[in-house]
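Structure assessment
Below, each chain spelled out in residue letters.
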Amino acid sequence: MDAGLTVFSRRGYAGASTAAVCREAGISSGAFFHYFPTKASLLIAILEQSSHETREFFDEREDRADPVGVIWEYVDHELSSLEDPRAAGFIAAVGGPVPNDDVVAILREVDQRTREGLTGWVSKAQQAGVVRTDLSAERMASWIMLFINGFADQIGGADDFDAVVEKPLLREVLSGFLDGPPSCP
């Protein structure tokens, strides 16, 4: 799967071949097809792994008492993954025409797991009075995802956008968003 991520990031989905993935992984085509009947099934497996990691991330923190800390850990987790040199190419590969309905379904599943996890933690943070309460937890989770996804889109589409350089600014913007508008005297 790591080799598939590398090849998709270099060549895009349409330009990637199972032969290129096999070369990158150092395996035979027979070994590849034993696990993945098609190139799309490999992409789905990579995306399913992301969905599983998202679920694990939130499940591992279930008993935590610092909801804002969990939100920031999630943001940092996502931003760290975007620092991978393959991120831009993979985002572009997945952001293009999707090969089938199964890929669309898994992308929706990843989105839904993220939304559910963030909504739960934002709700806890609101109940603790440590983030703004003028927006619903669902709406805030959507905006947090929008900030991260917009950041990812820039990585995938702008050659001069450096995730490492821009990460502190995104954190600053998110911090202001979580705090809410300043109080007027």
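The structure reproduced in this document is the subject of the present report. Just so it is clear, the structure is predicted and the values come from calculations on it, not from any experiment.

What follows concerns the overall build of the protein chain. A count of helical and extended segments in the protein chain gives 9 helices and 0 strands. Of the regular secondary structure in the protein chain, the N- to C-terminal order runs α-α-α-α-α-α-α-α-α. Evaluated residue by residue, the protein chain yields a buried proportion of 41% over its 185 residues. Put simply, the protein chain shows about 10,200 Å² of open surface, and 52% of that area lies on carbon and sulfur atoms. Separation of charge centres in the protein chain, based on 16 positive and 29 negative side chains, amounts to 3 Å.

Another point: the side chain of Thr 119. Considering the arrangement of structural elements, one finds Thr 119 in helix H7 (residues 101-127). Residue Thr 119 is classed as buried on the basis of its relative accessible area of 14%. When neighbours within four sequence positions are excluded, Thr 119 is seen to be in contact with Ala 137, Glu 138 and Ala 141.

Before going further, it helps to spend a moment on a negative patch on the surface. A surface patch of like charges, here negative, comprises Glu 53, Glu 56, Asp 59, Glu 62 and Asp 63. If you trace the backbone, Glu 56 turns up in helix H4 (residues 39-60).

Attention shifts here to helix H1 (residues 2-15). For an α-helix, 3.6 residues make a turn, and residues three or four places apart therefore share a direction. Along its 14 residues, H1 runs just 17 Å from first to last C-alpha, ending more than 12% under the 20 Å computed at 1.5 Å per residue. The sharpest bend along H1 reaches about 80 degrees and sits at Ser 9. For H1, the set of buried residues is Ala 3, Gly 4, Leu 5, Thr 6, Val 7, Phe 8, Ser 9, Gly 12 and Tyr 13. Packing partners of the buried residues in H1 comprise helix H2 (18-25), H4 and helix H6 (87-95).

This part takes up the nonpolar core. Formed by 30 residues in total, the largest nonpolar core has its most connected members in Ile 144 and Leu 178. Among the elements that take part in this core, helix H8 (residues 137-157) stands out by supplying 9 residues, more than any other. Discounting residues that sit within four places of it in the chain, Ile 144 has contacts with Ile 71, Val 75, Leu 118, Val 122, Leu 174, Phe 177 and Leu 178. The next biggest cluster of nonpolar side chains, apart from the first, holds 23 residues, and it includes Val 7, Val 21, Cys 22 and Leu 47.

Let us now look at the pattern of salt bridges. Using the criterion set out here, one finds 12 salt bridges in the structure. Of the charged contacts, one joins Arg 86 and Asp 2 as a salt bridge, the two residues approaching to 2.8 Å between their closest N and O atoms. Of the two residues, Arg 86 sits in the loop between helix H5 (67-82) and H6 while Asp 2 sits in helix H1, which places them 84 residues apart along the sequence. For Asp 2, a relative accessible area of 52% gives the class exposed. Here Arg 61 and Glu 60 are joined by a salt bridge, their closest N and O atoms 3.6 Å apart. For Arg 61, a relative accessible area of 16% gives the class buried.

Counted according to the given criterion, the structure contains 10 aromatic pairs. Each ring, one from Phe 32 and one from Phe 33, has its centre 5.1 Å from the other, and the planes form 90 degrees; the classification is edge-to-face. Taken together, the ring pairs connect Phe 32, Phe 33 and Phe 36 into an aromatic cluster.

Relative to the helices and strands, Glu 24 resides in helix H2. Taking the C-alpha atoms as reference, Glu 24 lies 8.0 Å from Gly 4; in sequence the two are 20 residues apart. With residues near it in sequence (within four places) discarded, Glu 24 still touches Ala 3, Thr 6, Val 7 and Arg 10. A polar contact of 2.8 Å, which involves the side chain of Glu 24, links it to the side chain of Arg 10.

Cut-offs applied
Residues numbered from 1 in each chain as written. Predicted model: local features only at pLDDT ≥ 70, side-chain atom pairs only at ≥ 80, totals over all residues. Heavy atoms only, no water. Helix = DSSP H or I, 4+ residues; strand = E, 2+ residues; numbered from the N terminus. Buried < 20%, exposed > 50% of the residue type's maximum accessible area, 1.4 Å probe, protein only. Areas by Shrake-Rupley, 256 points an atom, 1.4 Å probe, with all protein chains shown as cover. Lys, Arg positive; Asp, Glu negative; His and termini not counted. Charge placed at Lys NZ, Arg CZ, Asp CG, Glu CD. Contact = heavy atoms within 4.5 Å. Patch = residues over 30% accessible without salt bridge, like charges linked within 9 Å, V, L, I, M, F, W, Y side chains within 5 Å. Salt bridge = Lys/Arg side-chain N within 4 Å of Asp/Glu carboxyl O. Expected span 1.5 Å × (residues − 1). Bend = angle between axes of the 7 residues up to and from the residue. Core = buried A, V, L, I, M, F, W, Y, C linked by side-chain atoms within 4.5 Å. Phe/Tyr/Trp six-rings, centres within 6.5 Å; stacked < 30°, edge-to-face > 60°. Polar contact = N/O pair within 3.5 Å; in protein donor to acceptor, adjacent residues only side chain to side chain.

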